[in-house]
Amino acid sequence: MDMLMKINQEVLLPLLDLLTSTKMGFPSGVQTRSAVCLKTLSLMALICLRIGREMVQHHMAETLSRFFQVFSLLQCLQKQKKLRVLEELQAVFNPEMAYASYIPFYCLIGDAAIRKLVTNHELVWSLAQSYHERASPGSPETNPAGGQKTTVTGLSPSMGRQMGRSPFPAPSSTSTPLGGDILPESGTFGSHLVGNRIQVPRDTESSYSWVLGPTPEDSALKQDLPRSSRSLQGNWLAYWQYEIGLNQQDSHFHFHQIRLQSFLGHSGTAKCLAPLAREDYFLSGSKDKTVRLWPLYNHGDGTREVEPRLMYTDHRKSVFYVGQLEASQEVVSCDGTVHLWDQFTGKNIRCYEALDGKNPITAVATMPAPHCSVVFASADSVLRFIDARKPGLQHEFRLAYSNMSAGLIRCLAVSPSGRTVAAGFSTGFIVLLDARTGLVLRGWPGHEGDILQMKAAEGNLLISSSSDHTLTVWKDVEPKPLHQYRTPSDPIHAFDLYGAEIVAGTVANKIGVYSILDSTANLVGSTKLSTENFRGTLTSLSVLPTKRLLLLGSDNGAIRLLA
């Protein structure tokens, strides 16, 4: 309900404007417009079923009215000169489309509601009835040209068998539902109050019975949801039961050690993990010289082992970085040589090697969309920018600060806007560079030991972890740290960001959650991973922020998905 107004204003209404436009045709004409129209109808019907008929009258009135008005518009335009777009509209919004749209909504919200919302319901009803009479097996219509029986596209055999009883209401002011069945109030199914849910029929025989008018005996809304391979079981069921009951205003990351999936295939240490933008796949780079693309599905009971969807094998050394260049939907991975390759086919596009064999590439980062650049650092403290769309270097900047040697660049972090790049050195020194001008904005000794990882966050914030057992939050122009956390037992060698929180891991297989903005916030302390859920030593970590899940890589090559 929180998102319904946004769905209406930003998805459904613009879609309906596009579908009913008399000024613009569709590519492939009738076929494309029909496909988009049916998808839109399906979405509208699903929303109506989900929210109940009382809420439909309050929140979906304009959407339903806008859709059915196109039938009246076409009636008015019939006498005008036949244009290609008009012919396309008439071919799509024909009696069959009136039938396919009017009957489901009539069943879902009832006679009185649809008469109130659809001002031209008499016209739509007559069009739908004409199609029903023509398509009904009881009164087969023959083709005048060929004498063959008219075929009805999109109808299942079970629908055909049920055509005998008319699904249409009489055109009167009565509000009796179809087939005499009393439509349940929203939130009720049959005589049981169970809350909003969508149920499907037991078999294909009655799979369309709700469209043609439910009866007390075969109403799909009153049938139990059958067991199938898609049902949630075991740990997935426990996880979703928890998620559904979670307060949507709760912005904290909760870690419960619920194992959901295992990704086995790497024969060496899983050194880096990178979820793709939509979180339906993720990438992993390993010491075994391969990068693998894995699917993320809600399958199984927590013990399922998933196979990789794709494997990239062109690396010659251990892979220490992998990431997605979101703007061009390409993958960047590095083993000392930067590889750019297609995430859909696994084909190499081009490689960028170190210009000098004595100064190998030591750190890589991708620029956020809409930038198409990749930045990498070499052992001579030089940052180089390349454009993935063309070969050759784009920029080259030397990170010399006050003529002092800061050691090797261990990691890079790009701000969410793409305006600055931070480089962390092996001596604990940090340098902040303006990516647009190449000027060094600031350099400072951030840590007393080797910098292990860095991330940039909104608000000009930079988070760094070091071998000196500190996790520090910096404001890019302020000399002192904003917050600093100290881990007495083990340094944090892997962490990721979740909103205003840091989810961190150590080699002792401990997961901790820290606040970026408030060091006094009462967050969950360190959690030791159980051997039942995670074996080996934690080597890499990545958060799936939308799904609130955690990907953990180990030194034995196994990757686990935990909640």
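Predicted model, so just to flag it, every value in this text is computed and none were measured.

1. Description of the overall build of the protein
Logical step 1: Helix and strand counts for the protein come out as 10 helices and 31 strands.
Logical step 2: Looking at the protein as a whole, 50% of its 563 residues qualify as buried.
Logical step 3: Across the protein, the fraction of contacts at a sequence separation of at least 24, relative to all contacts at a separation of at least 6, is 53%.
Logical step 4: Carbon and sulfur atoms make up 52% of the accessible area of the protein, which totals about 27,400 Å².

2. Examining the pattern of salt bridges
Logical step 1: Taken as a whole and assessed by the stated rule, the structure comprises 15 salt bridges.
Logical step 2: A salt bridge links Arg 436 to Asp 434; the nearest nitrogen and oxygen atoms lie 3.4 Å apart.
Logical step 3: Owing to a relative accessible area of 10%, Asp 434 belongs among the buried residues under this scheme.

3. With respect to the packing of helix H2 (residues 30-51) against helix H6 (residues 95-109)
Logical step 1: Two elements in contact, H2 and H6, have axes whose closest approach is 10 Å; the angle formed by their N-to-C orientations is 5°. With respect to H6, the element H2 is oriented roughly parallel. In this structure, H2 uses Cys 37, Leu 38, Leu 41, Met 44, Ala 45, Cys 48 and Leu 49 to contact H6, whose residues at the interface are Met 97, Ser 101, Phe 105 and Leu 108.

4. Details of the nonpolar core
Logical step 1: Grouped together as the largest cluster of nonpolar side chains are 45 residues, with contacts concentrated most on Met 60, Leu 64, Phe 67, Phe 68, Phe 71, Phe 93 and Phe 105.
Logical step 2: Among the elements of the structure, helix H1 (4-19), H2, helix H4 (61-76), helix H5 (84-92), H6, helix H7 (111-117) and helix H8 (121-135) are those that each provide at least two residues to this core.
Logical step 3: Per-element tally for this core: the top contributor is H6, with 10 residues.
Logical step 4: With residues up to four places along the chain from it excluded, the contact list for Leu 64 reads Met 44, Val 56, Phe 105, Ile 109 and Leu 117.
Logical step 5: With 20 residues, the next largest nonpolar core counts Phe 385, Ala 406, Val 431 and Leu 433 among its residues.

5. Describing the environment of Arg 398
Logical step 1: Among the secondary structure elements, Arg 398 is positioned in strand E16 (residues 393-398).
Logical step 2: For Arg 398, a relative accessible area of 54% puts it in the exposed group.
Logical step 3: In this structure the C-alpha to C-alpha distance between Arg 398 and Ser 381, which are 17 residues apart in sequence, comes to 6.2 Å.
Logical step 4: The contacts of Arg 398, once residues within four sequence positions are left out, are Asp 380, Ser 381 and Val 382.
Logical step 5: Polar contacts involving the side chain of Arg 398 include one to the main-chain carbonyl oxygen of Asp 380, which spans 3.1 Å.

6. Regarding the pairing of strand E4 (residues 270-275)
Logical step 1: Pairing analysis gives 5 bridges linking E4 to strand E5 (residues 281-286), with the strands arranged antiparallel. When the bridges of E5 are listed, Leu 273 appears paired with Ser 284.
Logical step 2: Remark: 5 residues form the turn of the hairpin made by E4 and E5, two consecutive strands paired antiparallel; Glu 279 in that turn has positive phi of roughly 65°.

7. Considering empty space enclosed by the protein
Over the atoms a probe the size of a water molecule is rolled, and this reveals where empty space is left.
Logical step 1: Enumeration according to the criterion identifies 4 cavities of 30 Å³ or more in this entry.
Logical step 2: If you go around the second largest cavity, the residues you meet are Ala 413, Ser 415, Thr 420, Ala 422, Leu 432, Ala 456, Ala 457, Asn 460, Leu 461, Leu 462 and Asp 476.
Logical step 3: Here the lining of the second largest cavity is built from residues that sort into 7 nonpolar, 3 polar and 1 charged.

8. A few points about helix H10 (residues 234-244)
Logical step 1: Those residues of H10 not exposed but buried are Trp 236, Tyr 239 and Glu 243. Viewed along the axis of H10, the buried residues span an arc of 65°, placing them on a single side of the element. Of the exposed residues in H10, those oriented more than 90 degrees away from the buried face are Gln 241 and Ile 244.
Logical step 2: Those residues of H10 that are buried are in contact with strand E3 (259-263), strand E30 (549-554) and strand E31 (559-562).

9. Remarks on the sheet that holds strand E23 (residues 470-475)
Logical step 1: Read from one edge of the open sheet, 4 strands run E21-E22-E23-E24, paired in antiparallel fashion. Of all the strands in the sheet, just strand E21 (451-457) and strand E24 (483-486) have a single pairing partner and so form its edges. In this sheet, adjacent strand axes meet at a mean angle of 15° when their direction is disregarded.
Logical step 2: Here 6 bridges tie E21 to strand E22 (residues 461-466), and the two strands are oriented antiparallel to one another. Looking at the pairing, Gln 453 lines up with Ser 465 of E22.

10. Some points on the sheet that holds strand E25 (residues 492-498)
Strands pair in a sheet through their backbones, by hydrogen bonds, and they do so in one of two ways: parallel or antiparallel.
Logical step 1: In space, the 4 strands of this open sheet follow the order E25-E26-E27-E28, with antiparallel pairing throughout. Looking at which strands have only one partner, the edges of the open sheet turn out to be E25 and strand E28 (527-528).
Logical step 2: Bridging between E25 and strand E26 (residues 501-506) involves 6 bridges; their strand directions are antiparallel. Its bridge partner lying in E26, Asp 496 is registered against Val 503.

11. Topic: unusual backbone geometry
Logical step 1: Here the amide bond leading from Ala 369 into Pro 370 is cis, since omega sits at 10°, within 30 degrees of zero.
Logical step 2: Look at Lys 289: it is not a glycine, yet its phi comes out positive at around 70°.
Logical step 3: Along the chain, Lys 289 falls in the loop between E5 and strand E6 (291-295).
Logical step 4: Residues other than glycine seldom take positive phi values, yet Asn 460 does so here, at roughly 60°.

12. Digging into the UniProt feature "repeat: WD" (unreviewed entry) in the protein
Logical step 1: Under the UniProt annotation, the feature "repeat: WD" (unreviewed entry) is placed at residues 263-294.
Logical step 2: Annotation note: span residues 263-294, helix share 0%, strand share 53%, distance between end C-alpha atoms 8 Å.

13. Let's talk about the confidence of the model for the protein
Logical step 1: Taken as a whole, the protein shows an average pLDDT of 80; of its residues, 80% reach a score of 70 or greater.
Logical step 2: Under a pLDDT of 50 for its full length, residues 139-194 has, in the predicted model, 102 contacts with residues more than four places off or in other chains.

Rules of the game
Residues numbered from 1 in each chain as written. Predicted model: local features only at pLDDT ≥ 70, side-chain atom pairs only at ≥ 80, totals over all residues. Heavy atoms only, no water. Helix = DSSP H or I, 4+ residues; strand = E, 2+ residues; numbered from the N terminus. Buried < 20%, exposed > 50% of the residue type's maximum accessible area, 1.4 Å probe, protein only. Contact = heavy atoms within 4.5 Å. Areas by Shrake-Rupley, 256 points an atom, 1.4 Å probe, with all protein chains shown as cover. Salt bridge = Lys/Arg side-chain N within 4 Å of Asp/Glu carboxyl O. Axes fitted to C-alpha atoms, helices over the stretch in contact; angles between N-to-C directions. Parallel < 35°, antiparallel > 145°, perpendicular 65-115°, else oblique. Core = buried A, V, L, I, M, F, W, Y, C linked by side-chain atoms within 4.5 Å. Polar contact = N/O pair within 3.5 Å; in protein donor to acceptor, adjacent residues only side chain to side chain. Pairing = 2+ DSSP bridges. 1 Å grid on protein atoms, 1.4 Å probe; cavity = no way out; pocket = protein on both sides within 12 Å on 5 of 7 lines; lining within 4 Å. Points joined across faces, edges and corners; volume = space filled by probe spheres on them. Nonpolar A, V, L, I, M, F, W, Y, C, P; charged D, E, K, R; others polar. Arc of directions from axis to C-beta. UniProt positions renumbered as here; feature names shortened; annotations may be inferred. pLDDT = per-residue confidence, 0-100.

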